[in-house]
Each structure stands twice: as structure tokens, then as C-alpha cells.
Amino acid sequence: MRVEQHLEARVRQTIQEALGVDADPLLRPTKDPALGDYQLNAAFALAKSQKSSPRQIAERIAQALQGAPEFASVEVAGGGFINLRLSEEWMGEVLAQMLGDQRLGVPLVSRPERIVVDYSGPNIAKQMHVGHLRSTILGHAIISLLRFIGHEVIGDNHLGDWGTQFGILIAALREFRGGDSSGLDISGLEALYRDGTRKASEDPAFAERARLELARLQQGDAENRALWERFVALTRAEIEPIYERLGVRFDLWLGESFYQPMLGPTVQMLLERGIAREDEGAVCVFFNEWKERLGEAAPGRLANHKEPLIVKKRDGAYLYSTTDIATVIYRSEELRANRALYVVDMRQSLHFEQVFAIAKRLGYPIELEHVGFGAVLDAEGKPLKTREGKAITLAALLDEAEKRAFEVMKSENIFEISVDEMALIARAVGIGAVKYADLKQNRLSDYVFDFDKLIDLKGNSGPYMQYAGARVRSIFRKGGIDPLGLRVKRVLLQSPEERSLGRVLLRFPEIIHRAAQAREPHQLTDHLYALSREFSLFFERCPVLRSEGATRDSRLALTALVGAQIQKGLELLGIEAVERM
Ligand code: ARG
């Protein structure tokens, strides 16, 4: 049960019965727990229409709420606030239901959607770097959350496998290696691209050759096509092991190249519908002309946007935007998705605004959302790079994280594990640390990547959560109890620590839905962190295995719920649980 949703509905209905109006109860968690668990602020807004004082309205609502099973007390305070205190009996019953439910009380959505999540999307011939890490990790967690609440999700890796870089690569291969691609690996490919880009800027004749090679590729020339396939294969061989390490699998790998046959017809349609027009031999979308040409202005800042969006260049080449427009059509028409999420760097927000405006104008029945995110910075606040000034590679970053996890575990060695086992666990801990560090951020902010804080066994970190989960499991191991078999009629919330812990546990279903709905995994990490802190306090004050009778059963139930929420939470975040560490 989503407790807040339930309470809101309950209060709403009560207001309806007492005052005959349908009003948002404005239910909020209280800042000061001494006042209660929730506050209702509706009386202020209602006072006017009811021609009464907020205080009187609040009293009528409070009166009507007396006797509701959810509340131990309902009190009017100040000018018209209502403070609600949840009843421990009611909380204890909801917690007992949660314990008996495989879904931990998390309901399914009433209207499941079919959603494409576009994430990761690295570019061929370039190493996958930390910018793509955020997309991959965030996308993966968002997909798990959406699936868990009942949506049908298709995860798609929109690989950057088409475009001008291939003309340069092929021309450079001929220039610097006599056209020989044998023995080429990803760093060779990168070097080729670097040298080619430099040469193209210095030597117009080379730049022209690169353009011709690209044109030949696009026209289906067999030799260039074979080279392209080789470049793609090389890059995939490089990135697949990284996805493997991250535990990420895509349902589809429809890169940019996949949409090439659809680009001509797409541009044709844009012209026919008057959305685009020719300009100096190119085909462009002038958003600032929409009002005049189409009768309705382009949305938001695009209405006055003077810079045209080119969808076909004078030389016939198509662009990133053209591909993305065709991609929307494919996702709507062929994949039958009713929503697509794009987990892509914030810096591309204008691009997506433009693509979405055009798609909407075309009338496809699909909701489009840019799920943007900020940059990953180094200690100086600059985009994270290695010492050589190259963007740090993802593989190097994961190696370092695993190494550090191993070192910290070795020095702490809480569970007294052998060095061999530790090396194995360090993988899950290192990767989990990197993921958690990313997911706990508000996704829109830039964040500083700090290796020293990554493996923090006390703070809000992946290893800390894995440790908390392992600790719970060790309690059950020690007691010889199977937490999955535990059932109670009602969890007893007698001491303040039990009550506080119960209060946090109750929020899980609500948090899962909110995190999924807002595409904000950090809401879940915040919950897990709050949970593990409450659990520590509880565990310090309330003996579990050493208590007796109904108290023992109830404390075991609380402990089992903590373990289950941590386990489910980590699973949804894509972080492996460990038995010991
Ligand atoms: N390849 C792009 C990049 O590295 C990301 C692709 C995002 N997805 C999309 N449909 N545009 O910037």
C-alpha cells in the first residue's frame, strides 16, 4: 500500500463528507516529529469558499477524522493546521501485510505503458567515457523501477554508429595505413580518428577525400561498407565487456545506422507537411516561422528561435536530428511504444526540444521525455579527465574502483574473509560503489567524482548499503531463522526506535512509485540510507535475537523488512547484494 496516497484519499473523502467539497487535503510529512507524522494544510485554502475561518474549518475536518483507524490523534494547531499522528496498531498491521507480500506492498500501476528507454548510446571509434556511464547507470535503474511497477519497457542502445566520423576514419586509414585495417584495435581506431580530424582541419584536399569516402559509404560501396562494419565490430568488442561488468543488457541495439533508409522519406514528409522548407539548397526547420506557416507557434523558447535546424545538408547528408526524428516514428509505428525516455546529457536539451516539437507536430501518438543529467566533474570542478588530458575511460575507472574496494575491505575485514574471497566480493563492491555514487545524485546536477568517498563504509555509499544488507542477513544466519518464512499478525511498535523504523519502512511503496514516476533513482537511495540509519539506532537499543515471545517475533519482522527493502532496493538500482564483505 502506498501509505501517503491512501491517507490522502482517506482525508479527501472525509472532507467531501464533512464539507461537501472535493479538495486536495495538502497532506505533508511534518518537519518536527514531536507534532505528529503528517500535517494537513487544506483548511486555509477552504476557508474562503466555505465563508468561515481556517481554524473552524480545521476543527470540522479534525472532528470528522476522529475514529479513523489510521490515526492515533488528530489535533488542530495554530491558525488551522491539523497534525496527524499515525496509530501504531494501524502501522503495525500495514507492516505485517508488507512482510507477507512478495512485492513488499508495492502496487502495480493501474495503466501500464509501453515505454522505450534510450540510454547509453556511445559513439563508434571513440572510447566509452564517464559521460556515457551516467546514462547507462541511470537508464538501467530507471528501467528496473518502471518494470517493477508494471510498465512494459524496451531498453534501446542508440549507438552513434553513423555520421561524418566514418568518412574521416576511412580517409585516414588510406592516408596513414595504406588502407590496411588488420591489427587495428580500439586505441588504434581512436588514434586514427584523432589524426584524421587534425589532418582534415589542416588539409582541405584531405577533408574533401573524407567527404567522398563518406558519400561512397552512404551509397553502399562494398569496400567502405566492410570497413564500417569492422569499425563497429571493434568498438562493440570494447564496450560489451563493460556492459557485462555493469550487469547491463539491452533489449535492442538500434544504432543510428539502422534508420538510414528512413531518412529520405522522413525529410520528404517534413517538406510536404510544411514543417521544413528549402533554404539555399539545404532542408531546414525554421521554428520561428511556425506560427505563420502552420498556424500555431512552436512550443516554448522555440517560438522565437531564429537558428534553423538543418535536416538535410546541401550535399545531401542527413544529421543527428534527422535520425532522431525517424527514430521517434519507428518507436511509435513499429515498436508501438506510447512513451520514449531519452537518458542523455543535459547539454543536448535543445536538440531534444527541437526533435520533440517536430515529432509532436507530425502527430505521432507518443509522449517524449528528455531525462537529462549533469556532468561528472573532477576535484577542480572540470569535466573528469585522466592526467594525460584524455577523458578517463570507463574501464580504467571501474578497475580503480575495484582496487580501492579491495584495499578498504582488507584493512577493515569486518567479516574475517580470506583474501581470495575478498577479491571476488571487491568486484561487486567496487562496481556497486560507482553506481551508487552516481544514482544518489540529483540527476540534473553536476557532481564531483571522488574516489576517496566512493568506498565509504559509514556514509551514504553503495558499500555502506551492501554492508547493511549483509549485516541483516548475518543476524538471521546467527539465529538460524529464514526471514522469508516469518509472518506476524501485527508488528509491535513499542519503543521510539521501533516506531521510527516502522515509519520509514512504511514509505517504501510510495518511494518506489515516486522514484519511477520522477525518473529519480536518488529518491530510492535516500530512502535506503534513512532506513539503514534507523536500523542502526533500533539495533543498538532493541535486542532482537535475545528478546522473547511476541516482541522477538515482531523485531525479527522489522529486521526482515529492512533486509528485504535493502535487497529489493539494491536490485532495482542494479547493485549486487553481497553475503559478507
Ligand atoms: N551518441 C550520442 C552521444 O554520445 C547519444 C545518443 C542519445 N540518444 C539519442 N536518441 N539521441 O552524445
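Shown above is the structure to which this text applies.
As a starting point, this report considers the structure included with it. All figures in this text were calculated on a predicted structure; none of them were measured in a lab.

Focus: the overall build of the protein
Working step 1: The number of helices and strands found in the protein is 21 helices and 13 strands.
Working step 2: When its C-alpha atoms are laid out on the principal axes, the protein stretches across 85 × 70 × 40 Å.
Working step 3: Relative to its full complement of 581 residues, the protein shows a buried share of 52%.
Working step 4: Sequence-distant contacts in the protein: of pairs separated by 6 or more residues, those separated by 24 or more amount to 73%.
Working step 5: Carbon and sulfur atoms make up 48% of the accessible area of the protein, which amounts to about 26400 Å² in all.
Working step 6: Treating the 76 positive side-chain charges of the protein as one cloud and the 81 negative ones as another, the clouds have centres 3 Å apart.

Brief notes about the sheet that holds strand β5 (residues 114–118)
Working step 1: With parallel pairing, four strands are arranged side by side in an open sheet as β6-β5-β10-β11. Each of the sheet's edge strands pairs with one partner strand only, and the pair in question is β6 (152–156) and β11 (367–373). Between one strand axis and the next, the sheet turns by 20° as a mean value, whatever way the strands run.
Working step 2: Two strands pair when backbone bridges link them, and β5 and β6 are joined in this way by five bridges, in the parallel orientation. Directly across from I115, in β6, lies its bridge partner V153.
Working step 3: Most of the contacts of helix α5 (residues 130–148) go to β6, to which it runs at about 165°, and overall it touches β5, β6, β10 (339–345) and β11.
Working step 4: Where helix α13 (residues 349–362) meets the sheet, its contacts fall on β10 and β11, and the angle it forms with β11 comes to roughly 180°.

Here we look at the pairing of β6
Working step 1: Most of β6 sits inside the fold, with four of its five residues counted as buried.
Working step 2: Between the parallel elements β5 and β6, the chain passes through α5 in a crossover that is right-handed.

Section: the sheet that holds strand β9 (residues 309–312)
Working step 1: With respect to topology, three strands assemble into an open sheet ordered β7-β8-β9, the strand pairing being antiparallel. Across the chains shown, the open sheet's two edge strands, defined by having one partner strand only, are β7 (277–279) and β9. This sheet shows a mean twist of 50° between the axes of neighbouring strands, independent of strand direction.
Working step 2: Bridge analysis of β7 against strand β8 (residues 282–285) gives three bridges, and the strand direction is antiparallel. Residue pairing across strands places D279 opposite A282, the latter belonging to β8.

Here is what the cut-offs are and how they apply
Residues numbered from 1 in each chain as written. Predicted model: local features only at pLDDT ≥ 70, side-chain atom pairs only at ≥ 80, totals over all residues. Heavy atoms only, no water. Helix = DSSP H or I, 4+ residues; strand = E, 2+ residues; numbered from the N terminus. Buried < 20%, exposed > 50% of the residue type's maximum accessible area, 1.4 Å probe, protein only. Contact = heavy atoms within 4.5 Å. Areas by Shrake-Rupley, 256 points an atom, 1.4 Å probe, with all protein chains shown as cover. Lys, Arg positive; Asp, Glu negative; His and termini not counted. Charge placed at Lys NZ, Arg CZ, Asp CG, Glu CD. Pairing = 2+ DSSP bridges. Axes fitted to C-alpha atoms, helices over the stretch in contact; angles between N-to-C directions. Right-handed = clockwise from strand over helix to strand, strands pointing away.

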